[in-house]
Amino acid sequence: AADTSIQMVTLPAMVSDGASDATTGDLAASGITTIDHVGIAVPDLDAAIAWYAENLGLVASHQETNEEQGFREAMLHAPGDDAGPAVQLLAPLSESSTIAKFIDRNGPGLQQVAYRVTDVEASMAALQAKGLRLLYDAPRRGTAGSRVNFVHPKDAGGILVEIVEPAASSAH
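Structural notes, computed from the coordinates. None of these values were measured; they are calculated from a predicted model. Here the residue index of a chain counts from 1 through its sequence in written order. In keeping with the model being predicted, local features are shown solely for residues with a pLDDT of at least 70 and side-chain atom pairs are shown and tallied solely at 80 or more, while totals for entire chains, interfaces and linings include all residues. Side-chain measures were taken over the full set of non-hydrogen atoms in the model, leaving aside hydrogen atoms and water.

Re the overall build of the protein
Next up, step 1: Helix and strand labels come from DSSP, where a helix needs a run of H or I of at least four residues and a strand needs a run of E of at least two; each type is numbered from the N terminus. Scanning the protein for helices and strands turns up four helices and eight strands.
Next up, step 2: Seen in sequence order, the protein has helices and strands lined up from the N terminus as α-β-α-β-β-β-α-β-α-β-β-β.
Next up, step 3: Residue exposure (1.4 Å probe, protein chains only): buried if accessible area is under 20% of the type maximum, exposed if over 50%, otherwise partly exposed. Expressed as a percentage of the 172 residues in the protein, the buried residues total 39%.
Next up, step 4: Considering only contacts in the protein between residues 6 or more positions apart, those separated by 24 or more positions represent 57%.
Next up, step 5: Of the roughly 9700 Å² that the protein leaves accessible, carbon and sulfur atoms contribute 55%. Two residues form a contact once any of their heavy atoms are found within 4.5 Å. Only the protein chains shown count as cover for residues, and all accessible areas are computed by the Shrake-Rupley method using a 1.4 Å probe.

Describing the nonpolar core
Next up, step 1: Residues belong to a common nonpolar core when they are buried Ala, Val, Leu, Ile, Met, Phe, Trp, Tyr or Cys residues joined through side-chain atoms within 4.5 Å. One finds I40, V42, L45, A48, I49, Y52, L58, A74, L76, V87, L89 and A91 forming the largest nonpolar core, which totals 12 residues.
Next up, step 2: For this core, the element with the highest residue contribution is helix 2 (residues 45–56), accounting for four residues.
Next up, step 3: If you look at the next biggest cluster of nonpolar residues, it comprises nine residues, including V117, V120, L134 and V151.

Some points on the packing of aromatic side chains
Next up, step 1: Under the pairing criterion, centres of Phe, Tyr and Trp rings, with the six-membered ring standing for Trp, must be within 6.5 Å; the plane angle then separates stacked pairs below 30 degrees from edge-to-face pairs above 60, leaving the rest tilted. Enumeration over the complete set of coordinates arrives at two aromatic pairs.
Next up, step 2: With a centroid separation of 5.0 Å and an interplanar angle of 75°, the aromatic rings of W51 and Y52 are classed as edge-to-face.
Next up, step 3: Residue classification places Y52 among the buried residues on the basis of a relative accessible area of 14%.
Next up, step 4: For the ring pair Y136 and F150, a centre distance of 6.2 Å and an interplane angle of 75° mean the geometry is edge-to-face. Here Y136 is found in the loop between helix 4 (120–129) and strand 6 (140–141), whereas its partner F150 is found in strand 7 (residues 147–151), with 14 residues between them in sequence.
Next up, step 5: Given the relative accessible area of 9%, F150 is considered buried.
Next up, step 6: A cation sits over an aromatic face here: R140 above Y136, 3.7 Å from the ring centre. Placement of a charge over a ring requires the Lys NZ or Arg CZ to be within 6 Å of the ring centre, with the centre-to-atom vector within 35 degrees of the ring normal.

Notes on the pattern of salt bridges
Next up, step 1: The term salt bridge refers to a pairing of a side-chain nitrogen on Lys or Arg with a carboxyl oxygen on Asp or Glu at a separation within 4 Å. On inspection of all chains with the given rule, the structure shows six salt bridges.
Next up, step 2: Its salt-bridge partner being R116, residue D36 comes within 2.7 Å of it at the nearest N-O pair. With D36 in strand 1 (residues 32–41) and R116 in strand 5 (residues 109–117), the pair connects residues that are 80 residues apart, well separated along the chain. The burial state of D36 is the same as that of R116; both residues are buried.
Next up, step 3: Residue R133 is joined to D155 by a salt bridge in which the shortest nitrogen-to-oxygen separation is 2.8 Å. With R133 in the loop between helix 4 and strand 6 and D155 in the loop between strand 7 and strand 8 (161–165), this residue pair connects regions lying 22 residues apart in the sequence.
Next up, step 4: On the basis of relative accessibility, which here comes to 13%, the residue D155 falls in the buried class.
Next up, step 5: A single network of salt bridges, built from pairs that share partners, joins E121, R147 and E165.

Given below as structure tokens:
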């Protein structure tokens, strides 16, 4: 007979000690207001945009090329919800880009989860005060002029966590 038992696994970096209230203290300290987007690495941006439109009805609300980080991207939203959480499609510009390396290592798929914050520097300080490592010492330019940084995946249960402060004139 097959073993149908469920094995529980604890991720040390993700387990709370119960000493703080995550819904008030920790969330307020981090500055997180909502999920901003999930990033999905794709080999062909145009084909992926078409797939999400044809199969899920998502609308490409923004596209740009980020030469500095070596990718093309599109932000997709549910129809009529341009300010809500998005799906970000990321396609490499060259074989040496981080997205190309991600696809080579893992195949296409979920690359990051991004959280919207009100002040990226304050959020960086709060996360560092908790002992989390960030990928950059200072925020970088993100989609549509946003300011971003990332929590190292080794400090976030294997997930690349992005913090995003949207540009003043846009939701993303």
